[in-house]
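In case you want the letters, here they are:
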Amino acid sequence: MSTPSPQHEGTPVIELAGVSKTFITASGERVRALDNASLRVRPGEFITVVGASGCGKTTLLRLIAGLERCSSGTIMVNGAPQIGPSEKIGIVFQDPTLLPWRTVLENVLLPIQVLKLDPNTYRPRAMALIETVGLTEFENKYPHELSGGMRQRVAIARALVHDPAMLLMDEPFGALDALTRDQLNLELLDIWSATGKTVLLITHSISESVFLADRVIVMSPRPGRVVEEITVGLPRPRELEIINSAAFGSYVRRIRSRLSGGAMRRPMQATA
Amino acid sequence: MSIQTENAVGGLRVGASSHWLRVWHLVSDRAVAPLFAALVLGYWEFHVRYFQVEALLLPPSSHIATAFWNGMASGLFLQHFAITIYRALSGFAIAALFGIALGAVISQFRFVERTVYPWVVALQTVPKIAIAPLILVWCGYGSLSKVVTATLVAFFPVLVNTIIGLRSCEQSKLDLMRSLRASRWLTFRMVELPNALPFVFAGLSVAAVFSILGALVGEFVGSKNGIGFLILDANYQLNIPRVFALLILLGLYGIICHLALQFAHKKLVFWNEPKDVTSA
């Protein structure tokens, strides 16, 4: 990695201290989307943020990405205050956000073109990433010829092509069916362990958050608050069977109890 | 249960009849439009002759066909048609160029939007055709006044659709470009403009129809050539079959225009099905 950030354990690549964000709506109303959030992410960590919709998870991600400015508090990324978007961060949005007039390869190479890097140098890397996400032989297809899962795979390859130090993912698999989602979770873990990127992934699925993470950040809505950080001690590499283990179940129960306000008010189905 | 047994017994017969059904569908799919047209024209011919409709009001379809043939064979139609097409296409091209350019400027610069857009909205509601006599005074009896009228009429659909298209870009695509610190111009060129193309094409197909309308009106108001002139001339001479024949020619032109734009749309905006638009 070419990032100047110190690589030893414990030095955070992302550090939020007392970060709040207040939006003013069109009607002049003030909405506190995020309230006094603090968070430290170490290099190479896989962090998931879980919470109900409207709990400020996306705001948190956009603040870290530099797409929004915080109302108060400090955000440090790679040891420097976050002042705007950076090529050291790759983003995967909720929807694939592919350009429909570009082929898979051209979509993956978009960051290279925008960052004015040499496309010839990066083409082999783009092809390798397309292979990594399982889209070999689809590189010349257009997005409308792909399934939803395949499109999101392209988006992941695109987020990685310029070799950012960290990957921010905003409910990347939320729109996919359960089977495709499981598959992509496994592939994401493979990519993560192969590349050593720092990943911060937002989800509303409790089991997804536990399955992927080193640490789960649990958020409560209105105003968005970090209510708990849970270190997941499940062994790696993880396979889908781990979901059935007792340890996994206890993490899920613990997060669910935090999300439902400290008490299990009613029995719920495990969230897929 | 009963369905199952029926299938088992009559399997062969079902296969055979579905074959004929398929042939019938194929024939009927291709043939139904021409058949219907023949039926309408046939009935027209029959009605006019049987009920002895005054030929001045409605000539029999065969007379129209003869008038069409004569007009084409003598070269008269094509000579004037070429003039009208030249005027319409010139107007269309100018309208497309300026419509897209101004649409881009309005959508990108808040100041221009504030100052120019109210004018656009106001002018859009004015029936441009009503200005045609004035344009004749300003631009003279020749082709220029027709080109100007055609441009004016075709301009607004392109402009308005371009603006709508450029504003329709999803926030996530803009966020993606922003996250890569793309310049405004790069974002416009790489994302917003191609994203607006389906709308631009919708505007262009309306403009294609409007431009011929504008050219014709310009010719109606004052001209010594062009299809508009021929129609008026035939009308004065009560040569009604020729009027109808000229309308058919215009109809054919409209169809060709539509097909050409649809073809261009499919080639250039291949990711998006053509939007159906009403031009009226």
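Small disclaimer: the values here were computed from a predicted structure and weren't measured.

Per the secondary structure count, chain B includes 11 helices and 0 strands. In sequence order, chain B lays out its α and β elements as α-α-α-α-α-α-α-α-α-α-α. The globule rule puts the C-alpha radius of gyration for 280 residues at 19 Å, and the 26 Å found for chain B is more than 25% above it. For chain B, buried positions account for 34% of its 280 residues. Taking contacts inside chain B between residues at least 6 apart in sequence as the whole, the part at least 24 apart equals 77%.

In this section: the pairing of strand β3 (residues 46-50) of chain A. Residues and elements named next belong to chain A. Most of β3 sits out of view: 5 of its 5 residues are buried. Strand direction decides the pairing type here: β3 and strand β8 (residues 198-203), joined by 5 bridges, are parallel. Bridging from a neighbouring strand, Thr48 pairs with Leu201 of β8. Bridging between β3 and strand β9 (residues 215-220) involves 4 bridges; their strand directions are parallel. Residue pairing across strands places Ile47 opposite Arg215, the latter belonging to β9.

Residue and element names in this part refer to chain A. One open sheet accounts for 4 strands, arranged β2-β1-β4-β5; its pairing is antiparallel. Of all strands in the sheet, those bounded by a partner on one side alone are β2 (30-41) and β5 (80-81). Here strand β4 (residues 72-77) pairs with β5 via 2 bridges, running antiparallel. Opposite Val77, over in β5, you have Ala80 as the bridge partner.

Residues and elements named next belong to chain A. Structurally, chain A comprises domain 1 (1-88 + 166-265) and domain 2 (100-163). The C-alpha centroid of domain 2 is placed 25 Å from the C-alpha centroid of domain 1. The partner domain 2 presents 10 residues to the 10 residues of domain 1 that form the contact. Top contributing element to the side of domain 1 that touches domain 2 by residue count: helix α6 (residues 178-195), with 4 residues. Residue classes in the side of domain 1 that touches domain 2 are distributed as 7 nonpolar, 1 polar and 2 charged.

All right, on to the nonpolar core then. Within the largest apolar cluster, 79 residues are counted, with the highest numbers of intra-cluster contacts made by Ile64, Val108, Ala157, Val161, Leu168, Val199 and Leu200 of chain A. Of all the elements, helix α5 (residues 148-160) of chain A adds the most residues to this core, at 6 residues. Discounting chain neighbours no more than four positions away, the residues touching Val199 of chain A are Phe46, Ile47, Met166, Leu167, Met169 and Trp192 of chain A. Ranked by size, the runner-up nonpolar core spans 51 residues in total, among them Ala95, Ala96, Val153 and Phe155 of chain B.

On to the interface of chain A and chain B. The interface is formed by 16 residues belonging to chain A together with 14 residues belonging to chain B. The class makeup of the residues in the side of chain A that touches chain B is 12 nonpolar, 2 polar and 2 charged.

For the peptide bond that leads from Arg236 of chain A to Pro237 of chain A, omega is -5 degrees, which places it in the cis range. Despite not being glycine, Asp163 of chain A has its phi angle at roughly 55 degrees, a positive value. If you trace the backbone, Asp163 of chain A turns up in the loop between α5 and β7 (166-170). Located in the positive-phi region is Leu238 of chain B, a residue other than glycine, with phi close to 55 degrees. Of note, Leu238 of chain B is situated in the loop between α10 (227-236) and α11 (240-268).

So, about helix α9 (residues 184-221) of chain B. Given 3.6 residues per helical turn, the α-helix brings residues three or four places apart onto the same face. Residues and elements named next belong to chain B. The first and last C-alpha atoms of α9 sit only 46 Å apart over 38 residues, clearly below the 56 Å expected at 1.5 Å per residue. For α9, the principal kink sits at Leu197 and spans about 45 degrees; a proline, Pro198, occurs within the next four residues. Of all 38 residues that make up α9, 28 are buried, and the element is covered over most of its length.

Residue and element names in this part refer to chain A. Pairing in this open sheet of 6 strands is mixed, and the strands run β6-β7-β8-β3-β9-β10 from one edge to the other. Looking at the sheet topology across the chains shown, the edges are occupied by β6 (89-92) and β10 (225-231). On average, each strand axis in the sheet is inclined to that of its neighbour by 15 degrees, with strand direction left out of account. The sheet contact formed by β7 and β8 spans 5 bridges and is parallel. By the bridge assignment for β8, Leu167 is matched with Val199. Relative to the sheet, α5 contacts β6 and β7, its axis offset from that of β6 by approximately 170 degrees.

About the cut-offs
Position numbers for residues count from 1 along each chain, tracking the sequence in the order it is written. Here every chain gets a letter starting at A, and every ligand a number starting at 1, in the order they are written. pLDDT decides what is reported in this predicted model: residues at 70 or higher carry local features, side-chain atom pairs at 80 or more are listed and counted, and totals for whole chains, interfaces and linings draw on all residues regardless. Elements are defined by DSSP. Helices are runs of H or I of four residues or more, strands are runs of E of two residues or more, and each kind is numbered from the N terminus. Put simply, the radius of gyration uses C-alpha atoms, and a globule should come to 2.2 Å times the residue count raised to 0.38. Our exposure labels follow a C-beta count within 10 Å of each residue's own C-beta, placed from the backbone: buried means 20 or more other C-beta atoms, exposed means 12 or fewer, and partly exposed covers the counts in between. Two residues qualify as a contact pair if the distance between their C-beta atoms, derived from the backbone, is within 7 Å. Strands are labelled as partners when DSSP assigns at least two bridges between them. The domain limits used here are those given by an automatic or database domain assignment. Each residue gets one label: Ala, Val, Leu, Ile, Met, Phe, Trp, Tyr, Cys and Pro are nonpolar, Asp, Glu, Lys and Arg are charged, and the others, such as Gly, are polar. Definition of nonpolar core: a set of buried Ala, Val, Leu, Ile, Met, Phe, Trp, Tyr and Cys residues joined via C-beta atoms within 7 Å. Each residue after the first adds 1.5 Å to the expected span of a helix. Note that bend, as reported per residue, equals the angle between axes fitted to the 7 residues terminating at that residue and the 7 residues originating from it. Axis angles are defined between N-to-C directions and span 0 to 180 degrees, where every axis is a line fitted to C-alpha atoms and, for a helix, only to the segment in contact.

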